Amino acid sequence: MGVFALQGDVREHLQTLTALGADAFTVRRPEELARCDGLVLPGGESTTMAKLARTFDLLDPLRERVGSGMPTFGTCAGMILLADRILDGVAGQETIGGLDVTVRRNAFGRQVDSFESDLDVKGLDRPVHAVFIRAPWVEQVGAEVEVLAEAEGHPVAVRQDHLLATSFHPEVADDGRLHRLFLDLVRQ
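Residues numbered from 1 in each chain as written. Predicted model: local features only at pLDDT ≥ 70, side-chain atom pairs only at ≥ 80, totals over all residues. Heavy atoms only, no water.

Colleague: Just give me the short version of the environment of Leu-52, but keep the residues and values in it.
Modeller: Examined against the element boundaries, Leu-52 turns out to sit in helix H3 (residues 46–55). Taking relative accessible area as the criterion, Leu-52 reaches 25% and is therefore assigned partly exposed. When the C-alpha positions of Leu-52 and Gly-142 are compared, they lie 28 Å apart, and in sequence the two are 90 residues distant. Once residues lying within four places of it in the same chain are set aside, the contact partners of Leu-52 are Leu-6 and Gln-7. (Helix = DSSP H or I, 4+ residues; strand = E, 2+ residues; numbered from the N terminus. Buried < 20%, exposed > 50% of the residue type's maximum accessible area, 1.4 Å probe, protein only. Contact = heavy atoms within 4.5 Å.)

Right, here's the structure in full:
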């Protein structure tokens, strides 16, 4: 199980996946990506992550793997990277794509507007404690996208086939249920 490790909440995802029994490792090069049976795109800064992926020759291999069905879980900036369309992005901002959604960057506001909330997530037995830090939200979902949770009237957790994405940071909440949901996708 790989965790994109050029920038972002890498350590927290590695710890959560390892605690759930996954053989988790960092992905910084195409050779490491080739070993993945699933990949986590962590929270961080989406424009920086895309630029670094381009610099380290990972962007096109990421697009190929995601496009060919590799299970992928994007959190916060990772959701933006998986989105097919972005609002309020920087000029020329690239994504990996594959998730038929339109996301709005920093939709909940700036860093000082960060917040926490307990969310009901479809398929989970009790609410998830969600940490939103300069988080995106989903403005529009495609026909094949399942909305798993909403906050302030907007989707903040979605699934489409082999892709799972959240606006928030489940890796910092000491609750591995969303990672377990992702690991179930990988096992299918």
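There's plenty left to go through after this.
Colleague: Now, about the side chain of Ser-46: what can you tell me, with residues and values included?
Modeller: As for its position among the elements, Ser-46 is in helix H3. At 3.0 Å, the side chain of Ser-46 and the side chain of Gln-93 are in polar contact. In this structure, Ser-46 is in contact with Ala-77, Ile-80, Leu-81, Gln-93 and Arg-105, ignoring residues within four places of it in sequence. (Polar contact = N/O pair within 3.5 Å; in protein donor to acceptor, adjacent residues only side chain to side chain.)

Colleague: Describe the sheet that holds strand E10 (residues 146–151), and please don't skip the residues or the numbers.
Modeller: Within the open sheet, the 7 strands sit side by side as E2-E1-E3-E4-E12-E11-E10. Their pairing is mixed. Each having just a single partner strand, strand E2 (25–27) and E10 make up the two edges of the open sheet. Between one strand axis and the next, the sheet turns by 20° as a mean value, whatever way the strands run. Strand direction decides the pairing type here: strand E11 (residues 154–160) and strand E12 (residues 163–166), joined by 4 bridges, are antiparallel. Bridge pairing in E12 places Ala-157 opposite Thr-166. Contacts from helix H6 (residues 177–187) reach strand E3 (39–41), strand E4 (72–75), E10, E11 and E12 within the one sheet, and its direction differs from that of E12 by about 165°. (Pairing = 2+ DSSP bridges. Axes fitted to C-alpha atoms, helices over the stretch in contact; angles between N-to-C directions.)

Colleague: Give me the packing of H3 against helix H4 (residues 59–67): which residues, what numbers.
Modeller: It is the contact of H3 with H4, at a shortest axis distance of 6 Å, that shows an interaxial angle of 100°. Taken together, H3 and H4 sit at an angle that is classed as roughly perpendicular. Between H3 and H4, the residues in contact are Ala-50, Ala-53 and Arg-54 and Leu-59, Asp-60, Leu-62 and Arg-63, respectively. Tallied by class, the residues present in the contact of H3 with H4 amount to 4 nonpolar, no polar and 3 charged. (Parallel < 35°, antiparallel > 145°, perpendicular 65-115°, else oblique. Nonpolar A, V, L, I, M, F, W, Y, C, P; charged D, E, K, R; others polar.)

All we've got here are geometric facts, nothing functional implied.
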